[in-house]
Amino acid sequence: MRKSLATLAVLTAASMTVVGLAPAAAAADGLAEAQSIVAKYSKNPTSIGLPVISKPIPKGKRVITFTKDTIDAQLLSDATLEAGRLLGWDMEVMKTDLTLKGFNKTLNEAIAKKPDGIIVTGLGMDNYVKLFKRAKAAGVVMVCSACDSAPTGPVISTHVAGPKMLDLWSRMIAAYAVANSSGTPKVQAFGVSAYKILDLYDKAFAKNLKQLSPSASYTFNELTFAPGQVATNFKANPDTTFISSDLGAFSGLWSNELLAVGATPGQKPLLGGLNADQAAIQGLKDKTTNAWTGYSLPIVGYSVIDELARYWANVPLSKVDLPSQILTQQNIGTAVLDSAGYYVGIKDYQAQFKKVWGLK
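So, a few notes on the structure that sits alongside this text. Every chain begins its residue count from 1, and numbering advances along the sequence as written. For a predicted model such as this one, the threshold for reporting local features is a pLDDT of at least 70, and the threshold for listing and counting side-chain atom pairs is 80 or more; totals across whole chains, interfaces and linings nevertheless cover every residue. Hydrogens and waters are ignored; side-chain quantities use all the structure's heavy atoms.

### Brief notes about the overall build of the protein
When its secondary structure is counted, the protein shows eleven helices and twelve strands. In this description the radius of gyration comes from C-alpha coordinates, and the expected globular size is given by 2.2 Å times residues to the power 0.38. Relative to the compact-globule value of 21 Å for 360 residues, the protein shows a C-alpha radius of gyration of 21 Å, a close match. By principal-axis analysis of the C-alpha atoms, the protein measures approximately 60 × 40 × 40 Å. Counting over 360 residues, the protein shows a buried share of 56%. Runs of H or I in DSSP of at least four residues are treated as helices and runs of E of at least two as strands, each being numbered from the N terminus. The buried label goes to any residue with under 20% of its type's maximum accessible area, the exposed label to any with over 50%, and the partly exposed label to all in between, with areas taken from a 1.4 Å probe on protein chains only.

Spelled out as structure tokens, the structure:
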């Protein structure tokens, strides 16, 4: 659910505006709530929060996951493989390309191997109906992270980084926008609505922004990936106080574009959104971006394995949210990152998962 998504589409521009009005008292109440949310989620998370699996986790399961030619995909697949092997499972990673056709082909090949489980990420569920039927017929169970809808067919869980988490993440960033815009932000949002998981985030952000600040303005702009799109938008809307991206990887050049059209470092709109990649995190350090949700690929990789472990141990699946944090210029210096600058979130997450799984 990261930088590779920019290859999925170059889309024509469109916009949608949501504007609400409310008495000043309501706005003041929303500001206080927004400030409380920002304070809560600016702290480093310390616990994965999962209940111990009380029954034996079967060993020897065969599980397939996937990777692509991106660092993010490799980080996720490496963590998934590591977690499964800790449980004594036979783990395999299959390489696929970035296209829907290519992934369909690779997923079909994985199902033909008849493993016990398959782990996927970032699926639009309605693109895989035939393959899901094939997987179910073969007795394969599946877990999907960053999936856009409820479990169906062989897919037993879409909880990890699913719609519920997107709503929380969108509320965190909406709260930051409200708390840092005197309670009434003017938001220009940029995203890729064709990718359903991102569309869910954008719609949740608009909803949460309106709840926290009924007098805020919000305009959604379809991201075309054309150079200067954000700068052109800012020239037409110079009163913008917050620019939202539905994926950190999309925003790499936006700060420079804004400065090039007359915004100054102290007066340009705040910039942030969903899932900081390495560059967005560096932007916080360089004080060119402002607020992103942390997305721990290692914890996501371990969490999807945890879902399979619970299923095969015949205990209830997790309803616990992923550890969450708003990454800002103020806290990035103490956030838990790996040596390459990617977000980890919790330093001892591996030890915590081992304890949950009954491992030494």
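After that view, the rundown keeps rolling.
### Thoughts on the pattern of salt bridges
The salt bridge definition used is simple: a Lys or Arg side-chain nitrogen within 4 Å of an Asp or Glu carboxyl oxygen. The tally for this structure, following the rule as stated, stands at nine salt bridges. Here lysine 196 makes a salt bridge to aspartate 126, at a shortest N to O gap of 2.4 Å. With lysine 196 in helix H6 (residues 196-212) and aspartate 126 in the loop between strand E4 (117-121) and helix H4 (129-137), this residue pair connects regions lying 70 residues apart in the sequence.

### A word on helix H9 (residues 278-286)
Those residues of H9 that fall on the buried side of the exposure criterion are Ala280, Ile281, Gly283 and Leu284. Burial along H9 is one-sided: seen end-on, the buried residues are contained in an arc of 150°. Contact definition: two residues touch when any of their heavy atoms are within 4.5 Å. If you follow the buried residues of H9, they end up packed against strand E11 (291-293) and strand E12 (326-328). Positive phi shows up at lysine 287, right after H9, with a value of about 65°. The directions considered for the arc run from the helix axis to the C-beta atoms.

### Remarks on empty space enclosed by the protein
Points on a 1 Å grid, built from protein atoms alone, make a cavity when a 1.4 Å probe fits but cannot get out and make a pocket when they are open with protein on both sides within 12 Å along at least 5 of 7 lines; residues with an atom within 4 Å of a point are the lining residues. Grid points are joined across faces, edges and corners, and a volume is the space filled by probe spheres set on the points. Tallied over the full model, the rule gives three cavities of 30 Å³ or more. Each pocket or cavity is described by its volume, and for the largest cavity that value is around 100 Å³. Along the walls of the largest cavity sit 14 residues, with Leu50, Ser303, Ser318, Val320 and Leu322 positioned nearest its centre. Broken down by element, the lining of the largest cavity gets its largest block of residues, four residues, from helix H10 (residues 297-312). Taken together, the residues that form the lining of the largest cavity break down as eight nonpolar, three polar and three charged. Volume-wise, the second largest cavity comes out at about 60 Å³. If you go around the second largest cavity, the residues you meet are Pro45, Trp169, Gly294, Tyr295, Ser296, Ile299, Val300, Leu322, Pro323, Tyr343 and Gly345. Note on residue classes: Ala, Val, Leu, Ile, Met, Phe, Trp, Tyr, Cys and Pro are nonpolar, Asp, Glu, Lys and Arg are charged, and everything else, Gly too, is polar.

### Structural notes on the packing of aromatic side chains
Two rings from Phe, Tyr or Trp (for Trp, the six-membered ring) form a pair when their centres sit within 6.5 Å of each other. Planes less than 30 degrees apart are called stacked, planes more than 60 degrees apart edge-to-face, and all others tilted. With the rule as written, the count across this model stands at 15 aromatic pairs. Consider the rings of tryptophan 89 and tryptophan 312, whose centres lie 5.1 Å apart with planes at 80°: the pair is edge-to-face. In this pair, tryptophan 89 sits in the loop between helix H2 (71-86) and strand E3 (90-95) while tryptophan 312 sits in helix H10, placing the two residues 223 residues apart along the sequence. When its relative accessible area of 15% is taken as the criterion, tryptophan 312 is described as buried. Relative to phenylalanine 242, the ring of tyrosine 176 lies with its centre 6.5 Å away and its plane at 55°, an arrangement referred to as tilted. Of this pair, tyrosine 176 sits in helix H5 (residues 163-179) while phenylalanine 242 is found in strand E9 (residues 242-245), placing the two residues 66 residues apart along the sequence. A relative accessible area of 6% means that tyrosine 176 is categorised as buried. In this structure an aromatic cluster arises from ring pairing among Tyr176, Tyr201, Phe205, Tyr218 and Phe242.

### Details of the packing of helix H3 (residues 100-112) against H4
It is the contact of H3 with H4, at a shortest axis distance of 10 Å, that shows an interaxial angle of 10°. Our classification of the angle between H3 and H4 gives roughly parallel. On H4, the residues that touch Asn104, Leu107, Asn108 and Ile111 of H3 are Leu131, Arg134 and Ala135. Split by residue class, the contact of H3 with H4 holds four nonpolar, two polar and one charged. Here the axes come from fitting lines to C-alpha atoms, over the contacting stretch only for helices, and the angles between their N-to-C directions go from 0 to 180 degrees. Roughly parallel means an angle under 35 degrees; roughly antiparallel means over 145; roughly perpendicular covers 65 to 115; every other angle is labelled oblique.

### With respect to the side chain of serine 255
Within the secondary structure, serine 255 is located in helix H8 (residues 254-260). Setting aside anything within four residues of it in sequence, one finds serine 255 in contact with Lys268, Leu271 and Thr288.

### Quick notes on the nonpolar core
Counting 93 residues, the largest nonpolar core has Trp89, Trp169, Phe205, Leu308 and Trp357 as the members making the most contacts within it. Those residues in contact with tryptophan 89 that lie beyond four places of it in its chain are Ile57, Pro58, Lys59, Gly60, Lys61, Val63, Gly84, Ile305, Leu308, Ala309 and Trp312. By nonpolar core we mean a set of buried residues, namely Ala, Val, Leu, Ile, Met, Phe, Trp, Tyr and Cys, connected to one another through side-chain atoms within 4.5 Å. Membership of the second largest hydrophobic core comes to 20 residues, among which are Ile111, Phe132, Ala135 and Val140.

### Some remarks on the sheet that holds E4
The strands making up a sheet are joined through hydrogen bonds of the backbone, oriented either antiparallel or parallel. We treat two strands as partners when DSSP finds at least two bridges between them. The strand order E3-E2-E4-E5-E6 describes an open sheet built from five strands, whose pairing is parallel. Here the strands that pair on one side only, and so sit at the sheet edges, are E3 and strand E6 (155-157). Mean inter-strand twist for the sheet, computed between neighbouring axes without regard to direction, equals 30°. Across the face of the sheet, H2 comes into contact with strand E2 (62-67), E3 and E4 while running at roughly 165° to E3.

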